[in-house]
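Here is how the chains run, residue by residue.
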Protein chains: 2
Amino acid sequence: MILGRLNHVGVATPSIADSIALYRDVMGATAIGAPFDLPAQGVKVCFVDTPNTQIELIEPLGADSPIRAFLEKNPAGGQHHVCYEVPDIHVAKAWFEEKGLRVLGEPRIGAHGTPIFFVHPRDMGGVLTEIMATPKGAH
Amino acid sequence: MILGRLNHVGVATPSIADSIALYRDVMGATAIGAPFDLPAQGVKVCFVDTPNTQIELIEPLGADSPIRAFLEKNPAGGQHHVCYEVPDIHVAKAWFEEKGLRVLGEPRIGAHGTPIFFVHPRDMGGVLTEIMATPKGAH
């Protein structure tokens, strides 16, 4: 595997609306997508463009949202994961498993419409790592 | 202010040597800088290039390293901060202060040789945020 683009940094927030105000009014973001629900992942999502990558704002969606525990520990929100692009999600999954890392579940459709999976943070130096098939026509 | 490039994601690690092995052998990084000490910040630093940004590996340097507390809470390491580029560090500092955010100390020379400062994570949705004058000839 060759290290791919950092597609985004995932930032958990108790309120996407408040975070949008922060990124727009303080940080000066000029391209902020419309928030949308991703029920399969249990999150509401909003992408903020930087010139070279994106911040993915994620807010809990539903009672079983996987980021509720994170927000209980970090009520103000915080950095939740990083996401790298790969050309082929299945090749990548086999690669990580061959290296002995724990892949969390089967590839599923992620926020950019292409398959993703997560790698266990304990196998990635404490960094929850999302692997995403490069979005079509993205770059 | 206009949101600038994400210069890097800062990742704390108890061992830069172990993290280099992970990023090289598992993640497939092909451009990894030589680690160097940044005594003024109390960290040892190593930059890993991705195609569009960098991961900054940081390991404690000295007994008073500001990342020791982070590693006590997160012994395996983890996402520590994000760093955005700005054209002028003093204009940026005045901007954040005018917006009521807490700037942590005066601008000082950072890992890329240009002035940096940090903004308090409580004012940035829980994300410790480094602001860096764009490195010369960087892009």
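See the structure printed just above.
This write-up is about the structure you can find in this document. (Residues numbered from 1 in each chain as written. Chains lettered and ligands numbered in written order. Predicted model: local features only at pLDDT ≥ 70, side-chain atom pairs only at ≥ 80, totals over all residues. Heavy atoms only, no water.)

1. A short note on the overall build of chain A
Spelled out, the test is: For the purposes of this entry, the term helix denotes a DSSP run of H or I that reaches at least four residues, the term strand denotes a run of E that reaches at least two, and both are numbered from the N terminus. C-alpha atoms define the radius of gyration in this analysis, and the globule rule sets the expected value at 2.2 Å times the number of residues to the power 0.38. Working rule for contacts: check all heavy atoms of both residues, and any pair within 4.5 Å makes them a contact. Areas reported here follow the Shrake-Rupley algorithm with a probe of radius 1.4 Å; residue values treat only the protein chains shown as occluding. Under the counting rule used here, the positive set is Lys and Arg, the negative set is Asp and Glu, and His together with the chain ends is not counted. To locate a charge, take atom NZ for lysine, CZ for arginine, CG for aspartate or CD for glutamate.
Along its length, chain A carries three helices and eight strands. Shown N-terminal to C-terminal, the secondary structure of chain A runs as helices and strands in the order β-α-β-β-β-α-β-α-β-β-β. Computed over its C-alpha atoms, the radius of gyration of chain A comes to 15 Å, within 12% of the 14 Å expected for a compact globule of 139 residues. Counting only C-alpha atoms, chain A reaches 45 × 35 × 25 Å along its principal axes. Partitioning the contacts of chain A with sequence separation of at least 6, the portion at a separation of at least 24 is 51%. Summed over all atoms, the accessible surface of chain A reaches about 6,100 Å², with 55% contributed by carbon and sulfur. Across chain A, the 11 positively charged side chains and the 15 negatively charged ones have centroids separated by 3 Å.

2. Observations concerning the pairing of strand β1 (residues 6-12) of chain A
Residue and element names in this part refer to chain A. Quick reminder of the rule: Type-normalised accessible area, obtained with a 1.4 Å probe on protein chains alone, sets the label of each residue: buried when under 20%, exposed when over 50%, and partly exposed for intermediate values. Strands are labelled as partners when DSSP assigns at least two bridges between them.
With seven of seven residues buried, β1 is to be regarded as a mostly interior element. One ladder, built from six bridges, connects β1 with strand β5 (residues 78-86); its direction is antiparallel. When the sheet's bridge partners are listed, G10 is paired in β5 with H81.

3. Re the interface of chain A and chain B
Rules: Using a 1.4 Å probe, buried area is obtained as the accessible area two parts lose upon being combined, added over both of them. Between Lys or Arg on one side and Asp or Glu on the other, a salt bridge is scored when a side-chain nitrogen of the former is within 4 Å of a carboxyl oxygen of the latter. Polar contact is defined as a pair of N or O atoms within 3.5 Å, subject to the rule that within protein one atom must be able to donate a hydrogen and the other to accept it, and that residues adjacent in sequence are counted only when both atoms are side-chain atoms.
With 44 residues of chain A at the interface, the matching set in chain B holds 43 residues. On the chain A side of the interface with chain B, the three residues burying the most area are L3, M27 and Q79 of chain A, jointly 23% of the side's total. Joining chain A to chain B, the criterion identifies zero salt bridges. Where chain A meets chain B, there are 14 residue pairs in polar contact (both at pLDDT 80 or more). At the level of elements, β1, α1 (16-26), β3 (43-49), β5, α3 (89-98) and β8 (129-133) of chain A are the ones that each hand at least two residues to the side of chain A that touches chain B. No other element matches β5 of chain A, which puts six residues into the side of chain A that touches chain B.

4. What about the relation of the copies chain A and chain B?
As a reminder of what qualifies: For this overlay, a least-squares fit was computed on C-alpha atoms, restricted to residues scoring pLDDT of at least 70 in both copies.
Between the two copies, chain A and chain B, the superposition gives an RMSD of 0.0 Å; the rotation angle is 180° and the shift along the axis is 0.0 Å. Both copies of the chain, as the preceding transformation shows, are related through a two-fold rotation axis. A shared binding surface is used by both copies, with 98% of the interface residues of chain A retained as interface residues in chain B.

5. Some remarks on the side chain of T114 of chain A
All names here are of chain A. Relative to the helices and strands, T114 resides in the loop between β6 (103-109) and β7 (115-119). Looking at T114, the relative accessible area reads 6%, which means it is buried. Each residue touching T114, except ones within four places of it in the same chain, is listed here: R108, I109, M132, A133, T134, P135 and K136.

6. Some points on the nonpolar core
Put simply, the rule reads: Only buried Ala, Val, Leu, Ile, Met, Phe, Trp, Tyr and Cys residues count toward a nonpolar core, and they belong to the same one when joined by side-chain atoms within 4.5 Å.
Core analysis: the largest hydrophobic core is formed by 58 residues, its most contacted members being Y23 and I131 of chain A together with Y23 and I131 of chain B. When sequence neighbours within four positions are dropped, the list of residues in contact with I131 of chain B reads M27 of chain A together with Y84, V86, I89, A92, F96, P115, I116, F117 and V119 of chain B. By size, the runner-up hydrophobic cluster in this structure holds ten residues, among which are L38, V45, F47 and F70 of chain A.

7. Looking at the environment of Y23 of chain B
Tracing the backbone through its elements, the reader meets Y23 of chain B in helix α1 (residues 16-26). Assessed through its relative accessible area of 3%, Y23 of chain B is described here as buried. Taking C-alpha positions, Y23 of chain B is 7.7 Å from V48 of chain B, a pair spaced 25 residues apart along the chain. Once residues within four sequence positions are removed from consideration, Y23 of chain B is found in contact with Y84 of chain A together with V11, G28, A29, V48, I55 and L57 of chain B.

8. Section: the layout of surface pockets
Let me state the cut-off plainly: A pocket, in this scheme, is an open set of points on a 1 Å grid over the protein atoms alone with protein on both sides within 12 Å along at least 5 of 7 lines, while a cavity is a set where a 1.4 Å probe fits but cannot get out; residues line either one if an atom lies within 4 Å of a point. Grid points are joined across faces, edges and corners, and a volume is the space filled by probe spheres set on the points.
In this model, the second largest pocket occupies a volume close to 150 Å³. What lines the second largest pocket is a set of 16 residues, and nearest its centre among them are T13, S19, L22 and A76 of chain A together with G125 of chain B. When contributions to the lining of the second largest pocket are tallied by element, the ones reaching two or more residues are β1 and α1 of chain A. Among the elements that take part in the lining of the second largest pocket, α1 of chain A stands out by supplying four residues, more than any other.

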